[in-house]
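Single-letter residue listing:
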Amino acid sequence: MLDAVTALSRGTRCVYRPGMRRYVFLPILVNLIVYVSMFSFVINRFDGWLAHWMNMVPTWLDWLSWLIWPVFVISLLVVVFFTFTLVTSLIAAPFYGFLAAKVETQVTGHEPIDDRNLTKTAIDALGREFVKLAYILPRAAGLFVISWIPGLNLFAPLLWALFSAWIMAITYLDYPMDNNKVTFADMRQRLAKRWWQSLSFGGLVTLITWIPLANLFLIPGAVAGAVLLWDDHYRDTNADPRGITPQ
């Protein structure tokens, strides 16, 4: 059985092989532009945001400021991370879907179950990203509120960590599943049934996205790794008309 670390390692090697590299440079460029823009924006405003929220702490909780301050910092960083992830996923979704299809063809020797042309695939990929946003944003908003409630916010970092792992699993494993006509609801059910594989992969992807600059080059490997996990763990061979057996 393929684990998250092996999937990411094999996926990264796969996308940088001769013949595959051309499919990763444009997503990397998109991520770099978003990364630099958002990093500059956050650096210029981070102190002001932190001071504003710390001023909202009730005076009777001043004695807990030593604990509340790092919780606020972690929560704010997670929100920034989520924003970066959502923006880059939305912009780069068509490229990642195309990359996932190419990796699947190379790894399994078969093309995904998808008869859409390139233009329709790109449009549908954007539509799928909005479906993800409709799922993610209300839950992220609920966690954001918890992050600023004194007492409850002590649990916020753990909740954000689990939520981040789940969302990263959804974000990346959805590329091969969308290419194989798996609905968003069905995709979430498949991920939930194999929750350990899903959360371990999502957690690993979360970690690599926090590595400055290196994450730009590892994210395409995460897309390819998701394809490998799809083929090994999540593919329903009974429903696949080609009857492909996981590698």
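What counts, and where the lines are drawn
- Residues numbered from 1 in each chain as written.
- Predicted model: local features only at pLDDT ≥ 70, side-chain atom pairs only at ≥ 80, totals over all residues.
- Heavy atoms only, no water.
- Helix = DSSP H or I, 4+ residues; strand = E, 2+ residues; numbered from the N terminus.
- Buried < 20%, exposed > 50% of the residue type's maximum accessible area, 1.4 Å probe, protein only.
- Contact = heavy atoms within 4.5 Å.
- Areas by Shrake-Rupley, 256 points an atom, 1.4 Å probe, with all protein chains shown as cover.
- Axes fitted to C-alpha atoms, helices over the stretch in contact; angles between N-to-C directions.
- Parallel < 35°, antiparallel > 145°, perpendicular 65-115°, else oblique.
- Left-handed = near helix turned anticlockwise from the far one by under 90°.
- Core = buried A, V, L, I, M, F, W, Y, C linked by side-chain atoms within 4.5 Å.
- UniProt positions renumbered as here; feature names shortened; annotations may be inferred.
- Expected span 1.5 Å × (residues − 1).
- Polar contact = N/O pair within 3.5 Å; in protein donor to acceptor, adjacent residues only side chain to side chain.
- Phe/Tyr/Trp six-rings, centres within 6.5 Å; stacked < 30°, edge-to-face > 60°.
- Salt bridge = Lys/Arg side-chain N within 4 Å of Asp/Glu carboxyl O.

Considerations on the overall build of the protein
Then, in step 1: When helices and strands are tallied, the protein shows 8 helices and 0 strands.
Then, in step 2: N-terminal to C-terminal, the α/β element order of the protein is α-α-α-α-α-α-α-α.
Then, in step 3: In the protein, which comprises 247 residues, the share counted as buried stands at 48%.
Then, in step 4: Summarising the internal contacts of the protein: among those between residues at least 6 apart in sequence, 78% fall at separations of at least 24.
Then, in step 5: With an accessible surface of roughly 12300 Å², the protein has 69% of that area assigned to carbon and sulfur atoms.

Here we look at the packing of helix α5 (residues 156–179) against helix α8 (residues 214–234)
Then, in step 1: Put simply, α5 and α8 touch, their axes get as near as 8 Å, and they point 60° apart. Between α5 and α8, the crossing angle belongs to the class labelled oblique. As for how α5 packs across α8, the hand of that crossing is right-handed. Every residue of α8 that contacts α5 at Y172, L173, Y175, P176 and M177 is listed here: I219, A222, V223, A226, V227, L229, W230 and Y234.

What about the nonpolar core?
Then, in step 1: Y172, L173 and L191 are the most contacted members of the largest nonpolar core, which has 55 residues in total.
Then, in step 2: Secondary structure elements with two or more residues in this core: α1 (4–15), α2 (25–54), α3 (65–108), α4 (118–147), α5, α6 (184–193), α7 (195–209) and α8.
Then, in step 3: Ranked by residues supplied to this core, first place goes to α5 with 12 residues.
Then, in step 4: Those residues in contact with Y172 that sit more than four places away from it in its chain are F201, V205, I219, A222, V223 and A226.
Then, in step 5: Membership of the second largest hydrophobic core comes to 9 residues, among which are V34, Y35, F46 and V80.

Let's talk about the UniProt feature "transmembrane region" (unreviewed entry) in the protein
Then, in step 1: Under the local residue numbering, the UniProt record ascribes the feature "transmembrane region" (unreviewed entry) to residues 23–43, 63–96, 155–175 and 195–219.
Then, in step 2: Along residues 23–43 one finds 90% helix and 0% strand; the C-alpha atoms at either end are 31 Å apart.
Then, in step 3: Along residues 155–175 one finds 95% helix and 0% strand; the C-alpha atoms at either end are 31 Å apart.

Here we look at α8
Then, in step 1: The end-to-end C-alpha distance of α8, which contains 21 residues, comes to 28 Å, matching closely the 30 Å that a straight helix rising 1.5 Å per residue would cover.
Then, in step 2: Most of α8 sits inside the fold, with 18 of its 21 residues counted as buried.

Here we look at the side chain of N179
Then, in step 1: Structurally, the position occupied by N179 is in helix α5.
Then, in step 2: Judged by its relative accessible area of 3%, N179 is buried.
Then, in step 3: A polar contact of 3.0 Å, which involves the side chain of N179, links it to the backbone oxygen of G97.

Considering the packing of aromatic side chains
Then, in step 1: Enumeration over the complete set of coordinates arrives at 5 aromatic pairs.
Then, in step 2: The interplanar angle of 70° and the centroid separation of 6.1 Å between the aromatic rings of W160 and F163 together place this pair among those described as edge-to-face. Of this pair, W160 and F163 both sit in helix α5, 3 residues apart, roughly one helical turn. This pair shows no difference in class: W160 is buried, exactly as F163 is.
Then, in step 3: The interplanar angle of 80° and the centroid separation of 6.2 Å between the aromatic rings of W195 and W196 together place this pair among those described as edge-to-face.

Points about the pattern of salt bridges
Then, in step 1: Taken as a whole and judged by the stated rule, the model has 7 salt bridges.
Then, in step 2: Put simply, R128 and D174 hold a salt bridge, and the shortest N to O gap is 2.6 Å. Remark: D174 occurs in helix α5 and R128 occurs in helix α4; sequence separation between them is 46 residues. The burial state of R128 is the same as that of D174; both residues are buried.
Then, in step 3: A salt bridge links R128 to D178; the shortest N-O distance between them is 3.5 Å. Of this pair, R128 sits in helix α4 while D178 is found in helix α5, placing the two residues 50 residues apart along the sequence.
Then, in step 4: Judged by its relative accessible area of 12%, R128 is buried.

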